[in-house]
Amino acid sequence: MARIIVVTSGKGGVGKTTTSAAIAMGLAKRGHKTAVIDFDVGLRNLDLIMGCERRVVYDLVNVINNEATLNQALIRDKRCDQLFILPASQTRDKDALTTEGVGKILEELSKDFKYIVCDSPAGIERGATLAMYFADDAFVVTNPEVSSVRDSDRMLGILSSKSRRAENGEEPIKEYLLLSRYSPDRVKLGEMLSVDDVQEILSLHLLGVIPESKSVLNASNSGTPVILDEQSDAGQAYADIVARYLGETKPHRFIEEEKKGLLSKLFGSK
Amino acid sequence: MSLLDYFRSSKTNTASLAKELQILVAHERASRNQPSYLPELQQELLAVIRKYVNVGQDAITVNFEQDGNQETLELNIVLPDER
């Protein structure tokens with residue numbers, strides 16, 4: 001039986017797709033058979049971030065409409081054989097998704113996958129609500145910024161009331177906070193909400209802090225999940241997050257400002 | 001960090017911003033579980049009361065609270081002082 005993870009945020013541009021790609025790759029690299037599904041019908045991007053955009057033949061909507069089988073639509077990652085990508089349709093609109101259709105796909109995937117990562121689109125329309133409907137765990141990606149925090153709280157409300165678990169009166173979805181695009185120096189200057197601020201407002205279990213990093217854009221440009229860039233701070237942050245999710249204890253990093261040497265202090269490197 | 005920074009005393013803090021955001025979010029959380037007819041109910045009640053007493057737009061507060069299985073609808077109508 002698979003564990004279904006939804007990566008959600010409400011607000012756009014906070015790093016949902018980056019996160020979905022990174023954690024799916026992280027879980028697969030550790031030997032767990034993982035599928036990652038793009039729910040952003042009409043605006044698909046996971047294929048680009050995963051670097052498989054040229055290999056897309058069939059998509060999520062094709063499978064729902066029985067125009068292709070699940071196996072035809074799943075793309076096996078070239079770097080990790082435990083990872084499969086199910087792309088979104090680029091031409092249909094979000095109404096092409098149905099609860100029954102998505103439920104059937106997730107049920108079928110559950111048979112031989114360990115983890116299913118659902119990359120939610122921004123907003124609270126059908127794609128977003130369906131991505132979270134069947135979830136067991138929710139990764140709430142939030143930027144340390146007022147509109148993102150507010151939207152995340154809105155998503156928490158939807159998670160607790162409009163999911164399958166809520167409707168069936170089962171144990172609620174486990175919610176985790178992933179604070180992304182974090183700049184400790186800007187927090188210090190009082191320009192950015194701190195980890196504590198955000199945690200106090202959302203009162204969520206913090207799974208990890210992902211620092212603002214050039215490596216994220218570089219990774220996107222090259223179609224490589226940033227977790228594969230093991231030298232980068234963001235890559236390490238995601239590796240920590242995967243480890244913590246799997247139950248390992250890792251102290252939180254990237255919350256404090258990096259200590260600068262005398263030279264960089266004088267000349268202001270970076 | 002430049003030397004100038006050491007003399008800049010008015011460091012802004014996000015604590016107050018966070019406090020404000022927390023109040024907003026708490027308010028939205030509370031109204032999330034309310035039945036959707038509440039604003040309309042409030043408007044209609046206001047119209048009825050205005051037939052008899054001249055009250056302002058904010059004379060009525062409608063509060064909905066949920067405590068376990070018990071739901072409470074609390075109406076508070078402030079009448080103007082008699083002159």
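Because the structure is a prediction, the values reported are computed rather than measured.

As a further point, take the overall build of chain A. Check the secondary structure of chain A and you find 13 helices and eight strands. Taking the principal axes of its C-alpha atoms as reference, chain A extends roughly 65 × 40 × 35 Å. Buried residues in chain A amount to 55% of all 270 residues. Long-range pairs, those at least 24 residues apart, make up 74% of the contacts in chain A between residues at least 6 apart in sequence. A total of about 12,500 Å² of accessible surface is found on chain A, and carbon and sulfur atoms cover 47% of it.

Moving on, we get to the packing of helix H10 (residues 195-202) of chain A against helix H2 (residues 15-32) of chain B. Axis separation between H10(A) and H2(B) bottoms out at 9 Å; the angle between their running directions is 20°. Taken together, the axes of H10(A) and H2(B) are roughly parallel relative to one another. Read as a crossing pair, H10(A) and H2(B) show a hand that is right-handed. Where H10(A) abuts H2(B), its residues Asp197(A), Glu200(A), Ile201(A) and Leu202(A) lie against Ala18(B), Leu21(B), Gln22(B), Val25(B) and Arg29(B).

Attention shifts here to the UniProt feature "binding site: ATP" (unreviewed entry) in chain A. Residues and elements named next belong to chain A. When the UniProt feature table is mapped onto this chain numbering, "binding site: ATP" (unreviewed entry) sits at Lys11, Gly12, Gly13, Val14, Gly15, Lys16, Thr17 and Thr18. Note on placement: Gly12 falls in the loop between strand S1 (3-8) and helix H1 (16-29). Gly12 sits in the partly exposed class, given a relative accessible area of 36%. In this fold, Gly13 is placed in the loop between S1 and H1. Setting aside its immediate chain neighbours within four residues, Gly13 contacts Asn143 and Arg181.

Our focus in this paragraph is the confidence of the model for chain B. Residue and element names in this part refer to chain B. In the predicted model, chain B carries a mean pLDDT of 79, and the fraction of residues at 70 or more is 83%. Between the elements of chain B, mean pLDDT differs from a low of 55, seen in helix H1 (residues 3-7), to a high of 87, seen in helix H3 (residues 38-52). Across the assembled chains, the prediction reports ipTM 0.74 with pTM 0.84.

Residue and element names in this part refer to chain A. Topologically, Asp47 is positioned in helix H2 (residues 46-50). Using a relative accessible area of 5% as the deciding quantity, one classes Asp47 as buried. Within polar-contact distance, the side chain of Asp47 engages the side chain of Arg44 at 3.0 Å. Sequence-distant contacts of Asp47, defined by excluding residues within four places in its chain, comprise Cys52, Glu53 and Val56.

Turning our attention to the packing of helix H7 (residues 146-161) of chain A against H2(B). Two numbers describe how H7(A) lies on H2(B): the axes approach to 10 Å, and their chain directions differ by 25°. Classified by the angle between their axes, H7(A) and H2(B) sit roughly parallel to one another. The interaxial crossing formed by H7(A) with H2(B) has right-handed handedness. Packed against H7(A), whose contacting residues are Val146(A), Val149(A), Arg150(A), Asp153(A), Arg154(A) and Gly157(A), the element H2(B) presents Leu17(B), Leu21(B), Leu24(B), Val25(B), Glu28(B), Arg29(B) and Arg32(B) at the interface. Among the residues making up the contact of H7(A) with H2(B), the classes are represented as six nonpolar, one polar and six charged.

Now for the side chain of Arg44(A). Residue and element names in this part refer to chain A. For Arg44, the location among the structural elements is in the loop between strand S2 (34-38) and H2. In this structure Arg44 comes out as buried when scored by relative accessible area, which is 18%. When sequence neighbours within four positions are dropped, the list of residues in contact with Arg44 reads Asp38, Val56, Pro87, Ala88, Ser89 and Gln90.

Cut-offs used in this document
Residues numbered from 1 in each chain as written. Chains lettered and ligands numbered in written order. Predicted model: local features only at pLDDT ≥ 70, side-chain atom pairs only at ≥ 80, totals over all residues. Heavy atoms only, no water. Helix = DSSP H or I, 4+ residues; strand = E, 2+ residues; numbered from the N terminus. Buried < 20%, exposed > 50% of the residue type's maximum accessible area, 1.4 Å probe, protein only. Contact = heavy atoms within 4.5 Å. Areas by Shrake-Rupley, 256 points an atom, 1.4 Å probe, with all protein chains shown as cover. Axes fitted to C-alpha atoms, helices over the stretch in contact; angles between N-to-C directions. Parallel < 35°, antiparallel > 145°, perpendicular 65-115°, else oblique. Left-handed = near helix turned anticlockwise from the far one by under 90°. UniProt positions renumbered as here; feature names shortened; annotations may be inferred. pLDDT = per-residue confidence, 0-100. Polar contact = N/O pair within 3.5 Å; in protein donor to acceptor, adjacent residues only side chain to side chain. Nonpolar A, V, L, I, M, F, W, Y, C, P; charged D, E, K, R; others polar.

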